[in-house]
Every structure is written in C-alpha cells, then in structure tokens.
Amino acid sequence: MNATDRTPADLLRSALAADPGRPLVTFYDDATGERVELSVATFANWVAKTANLLQGDLGAEPGDRLALMLPAHWQSAVWLLACASVGVAAEVGGDPAGADLVVSGPDTLEEALACGGERVALALRPLGGRFPQPPAGFADYAVEVPGQGDRFAPFVPVDPEGPALVVGGEELTQAELVARAREDAAKLGLGEGSRVLTGLGYDTWDGLSAGLYAALAAGGSVVLCRNLDRLPADGLERRSESERITHTV
C-alpha cells in the first residue's frame, strides 16, 4: 500500500487503485445463513454513498461525534470508512446522548433515541434490506442510501491529526489509526493477498483491526464472521478452506 497514506480513506483509495476487483470484506452471519462478498470497488461505492448521506443529508462536519451502535457487520465497516472520509469521529458503542449523530442497529433503537441530533437505523437484514416498518424517529439507512452519489468529495479536506475513532475509551486520530493498523498488520504477518478470518466483535480495537483496518493497511482482505458459535464442529475448517484463509484471529 502507499506509504504516504495517512487516513483510512487514503488506504481505501490506494486499495481501489491497486486492484478494484479483488475481495475486501466477506461477511457471514451464521444465525441467518447470510454470506455477502464485497470487492474493493463495491465496498468503496457503499462508502461513497454513505459519506454523501452523512455529509449532505445529515449535515455532519469534521470533528462531529457519531455514536456507532452496530455489531461486527459489513455495513458497520462501511460506516467506519464513511465517517473517516468525512472527518467524523466514530465512537464505537458511544453514548448517544452525548453524540452529534447516532447510527443504530435494530437492537439498540430505544437507547439511541437519547441522541438529540440526526438518527439513522439499520435493519441489518440480508442484502442490506430495509425495516418492514420504519422505526419512529430514525432515517432508514436502506431507504436513504441507494439514491446517494457514487463519488464522494469532502467539503473540507480531512485532517490526518483530527479524531477518527473512539473505542474502549481510547481516541485515535486518523494518522494514529493508520499507524496502529500497519503495526498490527506487521505483527500478524499480513501482506498483499492475505485473507484474515475473524469472529471478534467490533467493540474493541483488536476486533476492529482484525476485522477491517489491519487487512486494509496491508492490501489484504477479511472474512468477518458473526455468530460463529453456530457453526458445526467442522464448519470453521471447511470455511477456512473454501475462503482460502491465510490467517485466523
């Protein structure tokens, strides 16, 4: 990857320039049987649309705080990169009452109502489906995002020294996040073409790194597994073989 990349959005742009057709995020939910595979180009398109929604329709600005109340999921990964693209700090599991915006999954809607700013809800249904009944007080992400533009440009250039992520009580700037991701990639021995399978949640840095940032920094890809405990005894081995996994976390 490009050694001059200083923000997560820079890492994604470099991945797009290098090989847009390769897989970047493959998601399994073993409670529903869902499998979704996103190439670099498809993932980047979702990020662009989400960043346009965030900056345009929701009025988010660099330095704003967004409480991200989502589990490990491919759409959570999209939101993390969209926030970084706008310059918004994603507070994973953050307090919605103290946030400028909130993004909630279906299980945390009542808690998310404490946010006095813009509220977005994700049904987390297969294929990015919408809620059967839109939740009161929220914009349904699956309704709002398809019509957004496929290209994104921030109104204000993103500052690498600006806040990017808060997780586990620790705040990282954009540049610190990229540096930490590169360090983790080196520790794990990741390189171009590495394929990481992880069942860790997104509520810790280790989970976020294994499930997104380290592979992105190294030019690799991730197989993100939710409800991995639902797999039969030999399921993990078979998945590792079929997905050509090089590293398991």
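The structure this text deals with has already been given above.
Undergrad: Help me out: how do you make sense of the side chain of serine 76 in this one?
TA: Positionally, serine 76 belongs in helix H3 (residues 74-86). Residue serine 76 is classed as buried on the basis of its relative accessible area, which comes to 1%.

Undergrad: Would you explain the layout of surface pockets in this entry?
TA: A water-sized probe rolled over the atoms picks out the places where empty space is left. The computed volume of the largest pocket comes to approximately 430 Å³. Lining of the largest pocket is provided by 20 residues; of these, Arg13, Leu16, Ala44, Ala48 and Phe152 occupy positions nearest its centre. When residues of the lining of the largest pocket are traced back to their parent elements, those giving at least two are helix H1 (8-18), helix H2 (40-57) and H3. Split into classes, the residues belonging to the lining of the largest pocket amount to 12 nonpolar, four polar and four charged. Taken as a whole, the second largest pocket spans an internal volume of roughly 160 Å³.

Undergrad: Is there a simple way to explain the packing of H1 against H3 in this structure?
TA: A pair of packed helices can be characterised by two numbers: the angle between their axes and the separation between those axes. Interhelical geometry of H1 versus H3 gives an angle of 110° and a closest axis separation of 8 Å. Comparing their axes, H3 and H1 come out roughly perpendicular. Of the residues in H3, those in contact with Pro8, Ala9 and Leu12 of H1 are Leu81, Ala84 and Ser85. Tallied by class, the residues present in the contact of H1 with H3 amount to five nonpolar, one polar and no charged.

Undergrad: Where do I start with the sheet that holds strand E4 (residues 89-92) in this structure?
TA: Within a sheet, adjacent strands bond to each other through the backbone by hydrogen bonds, running parallel or antiparallel. One open sheet holds the seven strands; their spatial order is E7-E6-E5-E3-E4-E8-E9, and the pairing between them is mixed. Pairing within the sheet leaves two strands with one partner each, and these edge strands are strand E7 (139-140) and strand E9 (170-173). Alignment of strand E8 (residues 163-167) against E9, held across four bridges, turns out to be antiparallel. Bridge pairing links leucine 165 to leucine 172 in E9.

Quick notes on the rules
- Residues numbered from 1 in each chain as written.
- Predicted model: local features only at pLDDT ≥ 70, side-chain atom pairs only at ≥ 80, totals over all residues.
- Heavy atoms only, no water.
- Helix = DSSP H or I, 4+ residues; strand = E, 2+ residues; numbered from the N terminus.
- Buried < 20%, exposed > 50% of the residue type's maximum accessible area, 1.4 Å probe, protein only.
- 1 Å grid on protein atoms, 1.4 Å probe; cavity = no way out; pocket = protein on both sides within 12 Å on 5 of 7 lines; lining within 4 Å.
- Points joined across faces, edges and corners; volume = space filled by probe spheres on them.
- Nonpolar A, V, L, I, M, F, W, Y, C, P; charged D, E, K, R; others polar.
- Axes fitted to C-alpha atoms, helices over the stretch in contact; angles between N-to-C directions.
- Parallel < 35°, antiparallel > 145°, perpendicular 65-115°, else oblique.
- Contact = heavy atoms within 4.5 Å.
- Pairing = 2+ DSSP bridges.

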